[in-house]
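The primary structure of each chain is shown beneath.
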Amino acid sequence: MGSPAKFMMLKSTGLIDGKAMLHTQEITASDSDTIARVHALSWQDSYRGILRDSYLDGPIFEERLALWEKRLLEPASGDMGFLALSETIPVGFIFACAGHDIHRGTFLDNLHVLPEERGKGIGKKLLRALTSSLISKGYEEGIYLWVFEDNYRTRKFYERLGANVIERVVIDAPGGGKVAEWLYAWESLNHLHTALAD
């Protein structure tokens, strides 16, 4: 067993037993560049073969940056989100609009983790941060999101957390063409929050 001094040194640098400590913090207007970079890298990896290569290989960072600068400087009612950081390095983010739909509740618009950081529980930690915040603010209704049909990894992730598969639609894809997506939903925030504790 390591000495107390050694443990304190590791703790102060965010490392315990060689593993980076992960924490979340609320997104602010100053995070637009960070979020845009994570967003673009995630899309370029996850949506390869779903969206056109010409779009994914184009100025997608600049497009995402313009979107997030506007969105964070002029937030809509109910907008909220969290960054996940490994020590001080951003590795993912989540963004939602609380109480967006009168029937389905909160709209989960974004959940992205850097490709090399997936499989480490970061997505679940971000979802826990979001659901905890929503519940503490008095939101009790459900939560929903849309997932591209061919994004099988993400669909399985939400299905393991108990999401109901509601409907399929075909939409105009970013960058051109058509793409199918599925609506996933939980009847209540507590259902998802409880699933995240398992």
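Residues numbered from 1 in each chain as written. Predicted model: local features only at pLDDT ≥ 70, side-chain atom pairs only at ≥ 80, totals over all residues. Heavy atoms only, no water.

Remarks on the side chain of Arg 64
Line of reasoning, step 1. For Arg 64, the location among the structural elements is in helix H4 (residues 60-73).
Line of reasoning, step 2. Within the structure, the side chain of Arg 64 is placed 2.7 Å from the side chain of Glu 63, a separation counted as a polar contact.
Line of reasoning, step 3. If near-sequence neighbours (up to four positions away) are discounted, Arg 64 is found in contact with Ala 36, His 39, Ala 40, Trp 43 and Tyr 55. (Helix = DSSP H or I, 4+ residues; strand = E, 2+ residues; numbered from the N terminus. Polar contact = N/O pair within 3.5 Å; in protein donor to acceptor, adjacent residues only side chain to side chain. Contact = heavy atoms within 4.5 Å.)

Section: the sheet that holds strand E4 (residues 79-86)
Two modes of strand pairing occur in sheets, parallel and antiparallel, and in both the strands are linked by backbone hydrogen bonds.
Line of reasoning, step 1. The strand order across the open sheet built from seven strands is E3-E4-E5-E6-E7-E9-E8, with neighbouring strands paired in mixed fashion. Since the sheet does not close on itself, it has two edges, and those belong to strand E3 (22-26) and strand E8 (164-172), each with one partner. When strand polarity is set aside, the average angle formed by the axes of neighbouring strands in this sheet is 25 degrees. (Pairing = 2+ DSSP bridges. Axes fitted to C-alpha atoms, helices over the stretch in contact; angles between N-to-C directions.)

Considering unusual backbone geometry
With the exception of glycine, most residues fall at negative phi, and the peptide bonds are largely trans.
Line of reasoning, step 1. Located in the positive-phi region is Glu 87, a residue other than glycine, with phi close to 60 degrees.
Line of reasoning, step 2. As for its placement among the helices and strands, Glu 87 is situated in the loop between E4 and strand E5 (89-101).

Section: the layout of surface pockets
Line of reasoning, step 1. In this model, the largest pocket occupies a volume close to 850 Å³.
Line of reasoning, step 2. Lining the largest pocket are 37 residues; nearest its centre among them are Tyr 47, Leu 111, His 112, Thr 154 and Tyr 158.
Line of reasoning, step 3. Counting residues per element, the ones that place at least two in the lining of the largest pocket are helix H2 (32-46), H4, strand E6 (105-113), helix H5 (122-136), strand E7 (143-148) and helix H6 (152-160).
Line of reasoning, step 4. By residue number, the principal contributor to the lining of the largest pocket is E6, which donates seven residues.
Line of reasoning, step 5. Here the lining of the largest pocket is composed, by residue class, of 17 nonpolar, 10 polar and 10 charged.
Line of reasoning, step 6. Quantified by volume, the second largest pocket comes out at close to 180 Å³. (1 Å grid on protein atoms, 1.4 Å probe; cavity = no way out; pocket = protein on both sides within 12 Å on 5 of 7 lines; lining within 4 Å. Points joined across faces, edges and corners; volume = space filled by probe spheres on them. Nonpolar A, V, L, I, M, F, W, Y, C, P; charged D, E, K, R; others polar.)

Observations concerning the pattern of salt bridges
Line of reasoning, step 1. Evaluated as defined, the whole model comprises 10 salt bridges.
Line of reasoning, step 2. One salt bridge connects Lys 70 with Glu 74, and the closest N-O pair in it is separated by 3.1 Å. With respect to burial, Lys 70 and Glu 74 carry one shared label: exposed.
Line of reasoning, step 3. Where salt bridges share partners, they join Arg 48, Asp 53 and Asp 57 into one cluster. (Salt bridge = Lys/Arg side-chain N within 4 Å of Asp/Glu carboxyl O. Buried < 20%, exposed > 50% of the residue type's maximum accessible area, 1.4 Å probe, protein only.)

Side note on the packing of H2 against H4
Line of reasoning, step 1. Look at H2 against H4: their axes get within 8 Å of each other, and the N-to-C directions meet at 135 degrees. For the element pair H2 / H4, the angle class is oblique. With respect to the hand of their crossing, H2 and H4 are arranged in right-handed fashion. Residues Ser 32, Asp 33, Ile 35, Ala 36, Arg 37, His 39, Ala 40, Trp 43 and Gln 44 of H2 form the contact with H4, whose participating residues are Ile 60, Phe 61, Arg 64, Leu 65, Trp 68, Glu 69 and Leu 72.
Line of reasoning, step 2. Residue classes in the contact of H2 with H4 are distributed as nine nonpolar, three polar and four charged. (Parallel < 35°, antiparallel > 145°, perpendicular 65-115°, else oblique. Left-handed = near helix turned anticlockwise from the far one by under 90°.)

Note that all results are geometric; they support no functional claim without further evidence.
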